[in-house]
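Next come the chains, spelled out residue by residue.
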Amino acid sequence: MAEGGRVPVLVGRQRETELLTAALVQAVDGASGSTVLLRGEAGVGKSTLLAWVERAARERGFTVLRAVGTEAETDLAFGALHQAFWLLLQRSGALSAHQREALESALGARSGTPSGFAVGAAALALLGETVRTAPVLLLLDDLHWIDSSSATVFAFLHRRCAELPVVIVGATRPDGPAAQAWSAEAVDVRALPRTDAALLLGTCYPELAASARDRVLTEAAGNPLALVELPRQLAAAQQLGAAPLPERLPLGRKLERMFTERLGTVTPEVGRLLLLGALATGRDSGGGEWLRALADDNAREILERIEADGLARLDTSGQLVFRHPLVRTAVVSAASDSARREAHRALSEALAPDDPRRLVHEASATLLPDEDLAHRLQEAGRDLARRGGDAEGALLLERAAALSPSSCDRTRRLTWAAVMSARGGQLRHTAALVEELKASTVPQDVAPLFAYAVVYADQSHHVEFESSAKLLPAALDALTAPGADTFGGLVEQAYFKLLLAASYTDDPWAWRALERHQEHVSEAGRLCLRAWTDPGPDAAAALRAVAEDLTEEQEAGAAWLILWTASVLDCPESDLWQRFTGLHGYATQGSVAKAKCHQDFLLGHWDQAAVCLREAEIADDLGYHTNALMFRQYYAHFLAGRGDEAGLREIDRAIRPTATRARMRFVLDRLTHLSGLAALAHGRYEDAYAIFCEITPPGRLPSGPPWHHALVFDLATAAVHTGRREEARAHVEAGRTAGSAEISGRHAFLLAAATALAAEDDEAEDAYRAAYAVPGAERWAFDLARLRLAHGSWRRRRHRPGARDVLRVAHYVFRRLQADPWAQRCEEELRAAGEQVAPSPGGAAPDAVGLTGQELRIARLAATGLSNKEIGRLLQLSPRTVGAHLYKVFPKLGITSRAALARALGTD
């Protein structure tokens, strides 16, 4: 960077600028978004790159939004979001009342209790409105210091705006905690090579003597900030080579010590003012009230000295702006503990008594336990949580715990902090707090809350369900006792956690406790238990009725129950999961995403299969490892349907050991079922039959979840093709007796399809027609295509008319789903029926050869020369997923190398 306010100099960043340019071009040309996360040490040039991409975006007509994190504002909920979105919100005319209320409440313009994800959904809607006139660039500098609530919203936008012309560019330190919630792979901004470093140094200091230049280049080792700052510390004679250089020049952390040494020369008055400015938050310092209250009559003179030393300046709002974050850090680290406490005390006294920031400063100034302050911090934390700032509220509860004179009060507050931290999406921190609490004696009055925190961490983070069966039954007993504290609806949440453990592991103790407490929960909770144990007739209709009767207040608490019920019943009703989008934290949003993945498989939206892997990466990044496992299991459904046995084995190796350790019978049985489905795809019917019989023997349906009923079509297919038609009929009859068709529309179709396969020849045609006539049959794309393949094959072998018509439709669907083994079976049948199946025409346009939207985006980016890793960063995919897409793109385009992509796409 240059001095004197000139435009920053950008040297040696070709790789980074090409990637940023590609992101901007994609937003303009492809109308799709991407994220670039710049990661590097302090002073390496991240902010300069942000300035460069801002200029490049403005030249292309982008609307630019910007937020900068500061260390002193990490506790202020939605502070960074205010920087980026306040002006957009003021100009917006298209937001719904609910969306506007969520944003205004978060940004402090009105009172309210928005959740982080409700705010995220509103911010996403605001971006959707803005991009109607121009693409958007959102710049996030110093992500590692952005408050947790804003970081959660920005991470939400990063995950959800891939289909909008929105480019998000963030910059963070290598160990920045805020960036851990992002699935985008970071672009490491490294030190400059010596040639580029020499060019930057020569541009900024053209008159620097050769001896000084060589020494700075050696000591700076390519750090741009050091290259710019180190020469400033040299005397004029040293810069010109007329005087010897100092013995050592600081570097990296030494650079921070350089600022500390400069601070050592300031007067006590200057040092005090710098420390006050470093500890004051932006809102504390707004308007300069803190300066007028705390500085003496020489304040202007002190500020002039600070500015002359190049350490900081006072901006128009009265905020002390440091030359570089390292200066602020150095000021705080150089101060003694007593000086820091005194500065916090002074800042707290300068603020109004009801200002929540006053509490933060009071807590930092207090050394000894103080129950009054601890209680006020606790109430402020709970108030923050009610406004949607669960993560920030948890931090205040932790501070309250540290100041608690009583060990019991300390444990109570830490327990609340653990639960609030979990609700705020800080699952790793929740797990750490739970481990700390396990070493303490938990008071009996918060034992149910502690049990819930333990189970939350175990289920979601550790993929462990043993504690659920041990702790939750007793917790439910305590919560439902007469006059017991329910901790604001904990009964329903604990019940769902126990139901989740029971459905995953089939633990009999868990099921018994659920039966015992079903009268203490809502209708949604009772219906979920019924769906998993004995759905009976009209379960799907009951689910819709319960969902329709939910009030807006009830929706957030019931979301998990409704979605989990819909999943086990195979009821992919879009209105069920869409209504929960934007509610509460990641726990709810993860459930929504899982429901969507399951729906995409059932309804034939197989072009969305890669979303499962992206969601798995997001879940792992956030510490929700059970969700990550489940997303990979959902991805396995697509692999099995496509007959991709190699991919299925890879997923199996990734999740089976963990599922086995956790005794997740649900997952293990599903993996077994999917291996049988893949065997069906390749015509290995004997293998498939043996696999399905491991789960449900023919003619007998095991009790429990209704997905066992859904095996009827697969088992009947394997049985008929292995000459076991009687076994197939016996299983169909068992399904009919058990009322499978009454569970849901998909179960009705699967039973009808199995009936057609097992029917005698004189009944088969009517049975096939009856299966087609099941209401909603057309929704189940893959299953319906398999039924048509069986029907067409039956007609051809018996020389019945219409075989080719049915086979053509099935072939089209299988090709669209990329279920190649099934498509090949259709082609074999069509050829046997006397029809030539023409190959895809060579040289056709991408849409004519069947590229999906995702494949087309990846192909266009690869044609520009970007690597798989770079494409993955832009599209929020892993490099392996990008490679898998390209593996399918090449044969569709009739090419064998990346070099031929541009020509095949018509872009060369």
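Residues numbered from 1 in each chain as written. Predicted model: local features only at pLDDT ≥ 70, side-chain atom pairs only at ≥ 80, totals over all residues. Heavy atoms only, no water.

(A) Focus on the overall build of the protein chain. What the protein chain contains, in helices and strands, is 47 helices and 7 strands. The proportion of buried residues among the 908 residues of the protein chain is 58%. Within the structure as shown, the protein chain displays about 36600 Å² of accessible surface, and the carbon and sulfur contribution to it stands at 50%. (Helix = DSSP H or I, 4+ residues; strand = E, 2+ residues; numbered from the N terminus. Buried < 20%, exposed > 50% of the residue type's maximum accessible area, 1.4 Å probe, protein only. Areas by Shrake-Rupley, 256 points an atom, 1.4 Å probe, with all protein chains shown as cover.)

(B) The arrangement of the side chain of threonine 672 in detail. Residue placement: threonine 672 occurs in helix α35 (residues 665-681). Once residues lying within four places of it in the same chain are set aside, the contact partners of threonine 672 are Arg656, Ile691, Glu694 and Ile695. (Contact = heavy atoms within 4.5 Å.)

(C) Summary view of the pattern of salt bridges. For the structure shown, the criterion picks out 48 salt bridges. One salt bridge in this structure joins arginine 661 and glutamate 464, with 3.7 Å as the shortest N-O distance. Of this pair, arginine 661 sits in helix α34 (residues 645-661) while glutamate 464 sits in the loop between α23 (447-462) and α24 (466-479), and the two are 197 residues apart along the sequence. What makes arginine 661 partly exposed here is its relative accessible area of 47%. Here glutamate 464 falls in the partly exposed class, since its relative accessible area comes to 22%. In this structure, glutamate 645 engages arginine 684 in a salt bridge whose closest nitrogen and oxygen atoms are separated by 2.6 Å. Placement of the pair is glutamate 645 in helix α34 and arginine 684 in the loop between α35 and α36 (685-695), with a sequence separation of 39 residues. (Salt bridge = Lys/Arg side-chain N within 4 Å of Asp/Glu carboxyl O.)

(D) Representation of the nonpolar core in the model. Formed by 162 residues in total, the largest nonpolar core has its most connected members in Met664, Val667, Phe749, Leu787 and Phe814. Considering every element that reaches this core, the biggest residue donor is helix α25 (residues 490-505), with 11 residues. What leucine 787 contacts, discounting residues up to four positions off in sequence, is Phe713, Phe749, Ala753, Ala756, Leu757, Tyr768, Ala771 and Tyr772. Among the nonpolar cores identified, the runner-up in size contains 48 residues, and Leu103, Phe154, Phe156 and Leu377 belong to it. (Core = buried A, V, L, I, M, F, W, Y, C linked by side-chain atoms within 4.5 Å.)

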